[in-house]
Each structure stands twice: as C-alpha cells, then as structure tokens.
Amino acid sequence: HVNGISSVLLSWAKRLHLSKARVNVHGTVLLELLRLKRRELPFIESPGVSDREKARRLLHLFQCDLLPGISGQILASKSARDSSVAQRAVSLRQKAAGYGFIFTVNAAMLFYIFLFALQQSRNRQDAWFKS
C-alpha cells in the first residue's frame, strides 16, 4: 500500500514538475524526496546495519545536499568510489610496528636536535631555548 502511494505521489510530482516551463520548487523537492526514499529506505531498514552506520549515511546525504553544485557531486562520486573498495583490517602486530617506527623516527629527530644544540655556543643555546 505504501509503494502504491509512493508511485502516485511520484507521478503527481513528475506532472507538477514537468507541467510548467518555469522551475517548480515544490515539485522538485517532492520528486527528490521520493527518489531518496526509494534509494535509501532499503539501507535504513535493513536489520544488519547499525545505528552508527545509518547516522553516518544520513550525515553524508545531508552534506551532499548542502554542498553547492559540483562540490556535492564530487562528494557523492567519492563516496560511491570508496564504498566499492573493501577495507581490510590491519593486524595488531602491524599497528604496533607502525607506531614503533613513528616513535623511533621522532626520538631520532629529537636526539639530532639535541646534538645540534650542544654544538652551538652558550649564547645561541640560551637564545634558542628562550625562543
């Protein structure tokens, strides 16, 4: 029964939108809402989707609507591209190795700065530390 009402409203919105030569905002908005309902309702109502994923999807749709012109289309295109690429999980060992590497590089840089500071005169060291 709901699909019957949606199809009647959709045909009414198309007639209203296409019947006038000038832009009909009400018909355009109604048509877009009905398209959105058809396209997104199966995702929102699916039982395997968490509330967080639903909220993220609705926020994305809201952002696409708010961005003007080509920016919204770019965001929608990027989203379509990203959703088709499966993300793989990173193991705890790989994460630990990555964080360890970053910590080691940071420690080496700080040690290099310390060695550089030790080679400077006392006045330059004081000026450098005060800055």
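Predicted model, so just to flag it, every value in this text is computed and none were measured.

Within the protein chain one finds 6 helices and 0 strands. Buried residues in the protein chain amount to 13% of all 131 residues. The contacts in the protein chain between residues at least 6 apart in sequence include a share of 17% that link residues at least 24 apart. Total accessible area computed for the protein chain in this model is approximately 11,400 Å², and 64% of it derives from carbon and sulfur atoms.

A surface patch of nonpolar side chains, amounting to about 610 Å² of accessible area, comprises Leu 110, Tyr 112, Ile 113, Trp 128 and Phe 129. Listed by contribution, the elements that provide at least two residues to the nonpolar patch are α5 (92-118) and α6 (122-130). Among the elements that line the nonpolar patch, the one with the most residues is α5, at 3 residues. Tracing the sequence through the fold places Ile 113 in helix α5.

In this section: the side chain of Gln 125. Inspection of the secondary structure assignment puts Gln 125 in helix α6. When near neighbours in sequence (up to four residues on either side) are disregarded, Gln 125 contacts Ala 117, Leu 118 and Gln 120.

So, on to the confidence of the model for the protein chain. Mean pLDDT over the protein chain stands at 77; residues scoring 70 or higher make up 76%. Mean pLDDT values over the elements of the protein chain span from 57, in helix α1 (residues 2-19), up to 95, in α5.

This part is about the environment of Asp 65. The residue Asp 65 is located in helix α3 (residues 51-66) in this model. With a relative accessible area of 61%, Asp 65 lands in the exposed category. Spatially, the C-alpha atoms of Asp 65 and Ala 76 are 9.6 Å apart, while their sequence positions differ by 11 residues.

Attention shifts here to the packing of helix α2 (residues 25-45) against α3. Running from amino to carboxyl end, α2 crosses α3 at an angle of 160 degrees, the nearest separation of the two axes being 11 Å. Here α2 is positioned roughly antiparallel relative to α3, judged by the angle of their axes. α2 and α3 meet at a crossing whose hand is right-handed. Two secondary-structure elements touch here, α2 through Leu 36, Glu 40, Phe 43 and Ile 44 and α3 through Glu 53, Lys 54, Arg 57, Leu 58 and Leu 61. Grouping the amino acids of the contact of α2 with α3 by side-chain chemistry returns 5 nonpolar, no polar and 4 charged.

Scoring rules and cut-offs
Residues numbered from 1 in each chain as written. Predicted model: local features only at pLDDT ≥ 70, side-chain atom pairs only at ≥ 80, totals over all residues. Heavy atoms only, no water. Helix = DSSP H or I, 4+ residues; strand = E, 2+ residues; numbered from the N terminus. Buried < 20%, exposed > 50% of the residue type's maximum accessible area, 1.4 Å probe, protein only. Contact = heavy atoms within 4.5 Å. Areas by Shrake-Rupley, 256 points an atom, 1.4 Å probe, with all protein chains shown as cover. Patch = residues over 30% accessible without salt bridge, like charges linked within 9 Å, V, L, I, M, F, W, Y side chains within 5 Å. Salt bridge = Lys/Arg side-chain N within 4 Å of Asp/Glu carboxyl O. pLDDT = per-residue confidence, 0-100. Axes fitted to C-alpha atoms, helices over the stretch in contact; angles between N-to-C directions. Parallel < 35°, antiparallel > 145°, perpendicular 65-115°, else oblique. Left-handed = near helix turned anticlockwise from the far one by under 90°. Nonpolar A, V, L, I, M, F, W, Y, C, P; charged D, E, K, R; others polar.

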